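Listed below, chain by chain, are the residues.
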2 protein chains.
Amino acid sequence: MADKNVNIVIDTIGGDNGPEVMVRGAVKGLEENKNVTLYLTGHKNELEKLLAGYEYDKNRIKIVDASEEITCHDAPVEAVKTKKDSSLVKGLNLVKEGTCDAFISSGSSGAVLAGGQLIVGRAKGVKRTPLAPLIPTSKSPSLLIDCGANVDARPEVLVQFAKMGSIYMQNVVGVKNPTVAIVNIGTEEEKGNALVKETFPLLKQCKDINFIGSIESREIPFGKADVILTEAFVGNVILKLYEGLSKMILTEMKGAMMSSFKSKIGALMIKKQLKKTLSTFSASNKGGAPLLGLKGLVVKIHGNSKEGEVISAIRQCSEFVKNDVSGKIIRGLTAEKAEGNPEE
Amino acid sequence: MADKNVNIVIDTIGGDNGPEVMVRGAVKGLEENKNVTLYLTGHKNELEKLLAGYEYDKNRIKIVDASEEITCHDAPVEAVKTKKDSSLVKGLNLVKEGTCDAFISSGSSGAVLAGGQLIVGRAKGVKRTPLAPLIPTSKSPSLLIDCGANVDARPEVLVQFAKMGSIYMQNVVGVKNPTVAIVNIGTEEEKGNALVKETFPLLKQCKDINFIGSIESREIPFGKADVILTEAFVGNVILKLYEGLSKMILTEMKGAMMSSFKSKIGALMIKKQLKKTLSTFSASNKGGAPLLGLKGLVVKIHGNSKEGEVISAIRQCSEFVKNDVSGKIIRGLTAEKAEGNPEE
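The sections below set out a description of the structure shown in this document. (Residues numbered from 1 in each chain as written. Chains lettered and ligands numbered in written order. Predicted model: local features only at pLDDT ≥ 70, side-chain atom pairs only at ≥ 80, totals over all residues. Heavy atoms only, no water.)

**Describing the interface of chain A and chain B**
Put simply, the rule reads: Should any heavy atoms of two residues lie within 4.5 Å, those residues are counted as being in contact. The term buried area means the drop in 1.4 Å probe accessible area that two parts suffer when joined, counted for both and summed. Here, a salt bridge means any Lys or Arg side-chain nitrogen found within 4 Å of an Asp or Glu carboxyl oxygen. Identification of polar contacts relies on pairs of N or O atoms within 3.5 Å, with a donor-acceptor requirement for protein atoms, meaning one able to donate a hydrogen and the other able to accept it, and with residues adjacent in sequence counted only if both atoms are side-chain atoms. Put simply, DSSP marks the helices as runs of H or I at least four residues long and the strands as runs of E at least two long, and each gets a number from the N terminus on.
Counting residues at the interface gives 50 residues for chain A and 50 residues for chain B. A buried area of about 4900 Å², summed over both sides, lies between chain A and chain B, and 77% of it is on carbon and sulfur atoms. In this assembly, chain A and chain B are joined by four salt bridges. Residues Arg218(A) and Glu243(B) are paired through a salt bridge, measuring 3.1 Å at the closest nitrogen-oxygen approach. Our enumeration of links across chain A and chain B arrives at 14 residue pairs in polar contact (both at pLDDT 80 or more). Secondary-structure elements contributing two or more residues to the side of chain A that touches chain B are β7 (179-184), α7 (194-205), α8 (232-257) and α9 (261-280) of chain A. At 20 residues, the largest contribution of residues to the side of chain A that touches chain B is made by α8(A).

Here it is, written out as structure tokens:
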């Protein structure tokens, strides 16, 4: 059976490593995913020059010229509204008009989030569109939902996030019957802030998710749940603390290893094993962070992404579209209304 | 000038390592702090037997018999209300009645928090009593305030926490003009949830703290502020993620080092340096987590505390009382009213 063709647009501007890595990732991702056609938005001349260095099927990569750039110094909403000829806005418009199924960017998070909502738009029945990165654990990666900019969500919004996250983990990451836990400050049902206390019983009633109760943040790194559900402010704090604390500990340990001649020799002897372990901390082989619940897929990859992240994101978009995750999300959220659930 | 005498009560029950470590820490803490008198609550016979193994000034350690125990399986509020003869309740009553200035426990966090509020009680003008542990950073430890059980705090409560935290860092930890930052999901002033947006301008107006703006959680491990201000739910998530993620990374790295003969030899060669680095991650030499804003000082030390933590906590209590931190907090919070600040 031939796979459905998937059209993906890649914003080549805004990442820390320049269009080179985006183009290299695109060409390699194309080889791996035979059903994919890629659109690259960016400076046409530059992209043509970069592509000239590769052998690839010319019919499967299309360049879309963009003269403007959005950086992380721009105010996101304003930039999206005014920089009509930016690689980001042009890319998102390709999704909006239906030419492309998915959009990948390593540019400004704020602009990707704002653009996803303003240009691509929410799918029917979706209250809010969560940003849901995979975070590394000592087991397999967990989906942290929501880490976006939509803070102070209401309980019924979190219930939708739980459903979207479950559908994503099952259909894109391939986890069967994914477990869902809500971030809390204790494991007892009566613990929590007002939001958690109101959300907890709604999650318990929810038949289409595998809800396992509360999770304390100390358990998150040990992979105690596949979907880690939380409001965006807390999710953002968790995501960035994960990043900062890992970096601090590894920097300090590296410093310790380099502090004497003997320890330097020792460090050389454990280098191979450490590298292997540290690579499991990276969730990059699972793709970027999807912004879920839009009319198309928008994926934010890290600002310092290399070609590997681009390739993974292409695979992720392909799986997302092939498995009709958007359709499943919309049907999943509509089912709740049909059941007479009071959430809408 | 003779130092003011300080009376401290130590709850010897409830910690993971039994009364032995509490007694050993007490005797050693006594030697170090000449102005201190200690009260030990717990099983009298057992304490007498343990103390018999040490040389110490008999006038400076007093045993207070307690027949009941509060464990982390007890519902905190109920346990505090019903187990009148527990080491925890008897200890807190010594503070309430003025016999002791401070209370130290390695028992149930919930019971310590509940007991502090119900038995010792809030000082005049204090809206809420935050739990404020020191967390390790790549510079000096930062005070994370609030990590307690009082979630969903209002803006004016956070302003009080900022003042209390500053006074504590200055007078107990010895940081001059401590910097205060509020945990946020971006560094721009307009970022944040409703609580942060409302609190931010109040902190800016506040003359008696050194407010430096927002801090993203990824900066916390690098010691970017002395006082890390946040509402208790988020604070609790940060504290426990700190604990869990450090543990996970160190466990994984240890596993990597032990995975081959060569890496085991390498690990031996870096052991000394690593140990030194890891010990700086421990904040135990700065004492336990104070519950601030009460009529006396209540300090929660970690459940698995050893004698070192007990000794540090005794020093911490001594500094707190000698420098009249309680008085400074009350005057600091009252000053705001005198200025016509609308917070009360």
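**Observations concerning the nonpolar core**
For clarity, the threshold we go by: Buried residues of nine kinds, namely Ala, Val, Leu, Ile, Met, Phe, Trp, Tyr and Cys, make up a nonpolar core once their side-chain atoms join them within 4.5 Å. Only protein chains enter the accessibility calculation, which uses a 1.4 Å probe; a residue is then buried when its area is under 20% of its type maximum, exposed when over 50%, and partly exposed in between.
Judged by nonpolar contacts, the single largest core of 174 residues is most densely connected at Ile8(A), Ile10(A), Ile8(B) and Ile10(B). Those residues in contact with Ile8(B) that sit more than four places away from it in its chain are Val36(B), Thr37(B), Leu38(B), Tyr39(B), Cys100(B), Ala102(B), Ile104(B), Ile314(B), Cys317(B) and Ser318(B). Among the nonpolar cores identified, the runner-up in size contains 24 residues, and Val9(B), Ala114(B), Ile119(B) and Leu291(B) belong to it.

**Focus: unusual backbone geometry**
Of note, the amide linkage connecting Ile145(A) to Asp146(A) takes the cis form, showing an omega dihedral of 20 degrees. Mapped onto the elements, Asp146(A) comes out in the loop between β6 (142-145) and α6 (155-173). Not every positive phi belongs to a glycine, and Asn177(A) is a case in point at roughly 45 degrees. Even without a glycine there, the phi angle at Asp324(B) is positive, about 50 degrees. With respect to the secondary-structure elements, Asp324(B) resides in the loop between α10 (307-322) and α11 (325-338). Residue classification places Asp324(B) among the partly exposed residues on the basis of a relative accessible area of 35%.

**Structural notes on the sheet that holds strand β3 (residues 61-65) of chain A**
All names here are of chain A. The following threshold applies: Pairing between two strands requires that DSSP report at least two bridges joining them. Simply put, an axis is a line fit to the C-alpha atoms, just over the touching stretch for a helix, and the angle between two N-to-C directions goes from 0 to 180 degrees.
In spatial order, the strands read β3-β2-β1-β4-β11-β10; together these six strands make up an open sheet with mixed pairing. At either margin of the open sheet sits one strand with a lone partner, and together these are β3 and β10 (289-291). Put simply, the sheet's adjacent strands are angled 25 degrees from each other on average, direction ignored. Contacting β1 (6-11), β2 (36-42) and β3, helix α1 (residues 18-32) crosses the sheet at an angle of about 170 degrees to β2.

**Considering the relation of the copies chain A and chain B**
What counts, and what does not: Only residues with pLDDT of at least 70 in both copies count here: their C-alpha atoms drive the least-squares fit that superposes the copies.
When chain A is fitted to chain B, the residual RMSD is 0.0 Å, and the transformation amounts to a turn of 180 degrees plus an axial shift of 0.0 Å. Overall, the copies show the geometry of a two-fold rotation axis. Minimal C-alpha separation from the rotation axis in chain A is found for Gly266(A), amounting to 1.8 Å. Most of the interface of chain A is mirrored in chain B, where 100% of its interface residues are also at the interface.

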